[in-house]
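# Structural characterization, general
Listed here are the chains, written in short residue letters.
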Amino acid sequence: MPIWLQAGLWGLFAGGALVIGAAVAWFLPVRPRIVAGVMAFGAGVLISALAFDLVDEAETGGGLAPTVIGFLAGALVYVAANVALDRRGARHRKRSGDQQPSEQEQQGSGAAIAVGALLDGVPESVVLGLSLLSGDGVGVAVLAAIFISNLPEGLSSAAGMRRSGRGAGYVFGVWGAIAVASGLAGLLGSVLLQGASPALIATITAVAAGAILVMVADTMIPEAFERTHVYTGLIATIGFILAFTIDRMG
């Protein structure tokens, strides 16, 4: 199977966790504390993957300077985009409570939430596509981290969407589209950067890593802490060490 197709399928698989999470939230009465706990766990898993896979491999393959520049650039771009979306009603897109505004409360907030979800998901899938370019197959630790973190993201956000009065068509349409976009992002990441220099691949990987870290700090951890409080750090720590163990045993 060609690498570009593998990248697309793995991106679709990881993005599909959002749809699974949304379906659980829509059809099953999941307690908010459970959602928050899984969110904290997913945050720890992602942070571990960032530290021991993405940033470390970027620096090893392309050098320190491209990694630092890319990492900071990814963080800055994500923050700038997030600020613009916040002003249009997407600030609480991952919240499971009543924080998300309805379309009546803020016109255009539905579109902003959808774009925000896309903003959160695409960098992760690009990283999956890049991980295949080494010829060693998909990065298992990174794939596991993205899948595990996507489940509570879809679950929490879909619960919030439902509370704000949005229907099943909107909720599953958004997450289905994000899953497809994740597959396309993985595919394009492998196609466009195949044969690229190590420094460029390191920079792009670091850009995605910087964006993911800001997303974790800005959206996942606040949602988790709101419900799990002092246990958030412990749950995140368990997720971190589990992902580290998977990486070292892989």
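Residues numbered from 1 in each chain as written. Predicted model: local features only at pLDDT ≥ 70, side-chain atom pairs only at ≥ 80, totals over all residues. Heavy atoms only, no water.

For H229, which is not a glycine, the phi torsion comes out positive at approximately 50°. Among the structural elements, H229 can be located in the loop between α7 (198–228) and α8 (232–249). (Helix = DSSP H or I, 4+ residues; strand = E, 2+ residues; numbered from the N terminus.)

Our focus in this paragraph is the packing of helix α1 (residues 3–27) against helix α5 (residues 140–163). Look at α1 against α5: their axes get within 7 Å of each other, and the N-to-C directions meet at 35°. The two elements α1 and α5 cross, and the hand of that crossing is right-handed. For the pair α1 and α5, contact is made by W10, F13, A14, G15, A17, L18, I20, G21, A22, V24, A25 and W26 and by L143, I146, F147, N150, L151, E153, G154, L155, A158, A159 and R162, respectively. For the contact of α1 with α5, the residue count by class is 17 nonpolar, four polar and two charged. (Axes fitted to C-alpha atoms, helices over the stretch in contact; angles between N-to-C directions. Left-handed = near helix turned anticlockwise from the far one by under 90°. Contact = heavy atoms within 4.5 Å. Nonpolar A, V, L, I, M, F, W, Y, C, P; charged D, E, K, R; others polar.)

Below, the discussion takes up α1. Compared with the 36 Å implied by 1.5 Å per residue over 25 residues, the 36 Å span of α1 between its first and last C-alpha is a close match. All buried positions along α1 are accounted for by A7, G8, G11, A14, G15, G16, A17, L18, G21, A22, A25 and W26. (Expected span 1.5 Å × (residues − 1). Buried < 20%, exposed > 50% of the residue type's maximum accessible area, 1.4 Å probe, protein only.)

Side chains three or four residues apart in an α-helix point the same way, a direct result of the helix having 3.6 residues per turn. Taking 1.5 Å of rise per residue, 31 residues should cover 45 Å, and helix α2 (residues 32–62) covers 42 Å from first to last C-alpha, within 8% of that figure. L50 marks where α2 bends most, by close to 40°. Trailing α2 by a residue or two, G63 shows a phi angle of about 100°, which is positive. (Bend = angle between axes of the 7 residues up to and from the residue.)

With numbering matched to this structure, UniProt assigns "transmembrane region" (unreviewed entry) to residues 6–27, 34–52, 64–85, 168–192, 199–217 and 229–246. Between the C-alpha atoms that bound residues 64–85 there is a distance of 32 Å. The span itself is 100% helix and 0% strand. From the first C-alpha to the last, residues 168–192 spans 35 Å; its make-up is 100% helix and 0% strand. (UniProt positions renumbered as here; feature names shortened; annotations may be inferred.)

Our next topic: the environment of M215. Examined against the element boundaries, M215 turns out to sit in helix α7. Considered as a pair, M215 and D120 are 95 residues apart in the sequence and their alpha carbons are 6.7 Å apart.

Another aspect to go through is the side chain of S125. Within the element layout of this structure, S125 appears in helix α4 (residues 109–131). If sequence neighbours within four positions are ignored, S125 has contacts with G11, S182, A185 and G186.

This part takes up the nonpolar core. As a rule of thumb, soluble globular proteins bury nonpolar side chains together. In this structure, L46, L54, L128, I212, M215, V216 and M220 are the most contacted members of the largest nonpolar core, which totals 30 residues. Taken together, the elements giving at least two residues each to this core come down to α1, α2, α3 (64–90), α4, α5 and α7. Sort the elements by how many residues they give to this core and α7 lands first, with nine residues. Membership of the second largest hydrophobic core comes to 14 residues, among which are W26, V35, V171 and I178. (Core = buried A, V, L, I, M, F, W, Y, C linked by side-chain atoms within 4.5 Å.)

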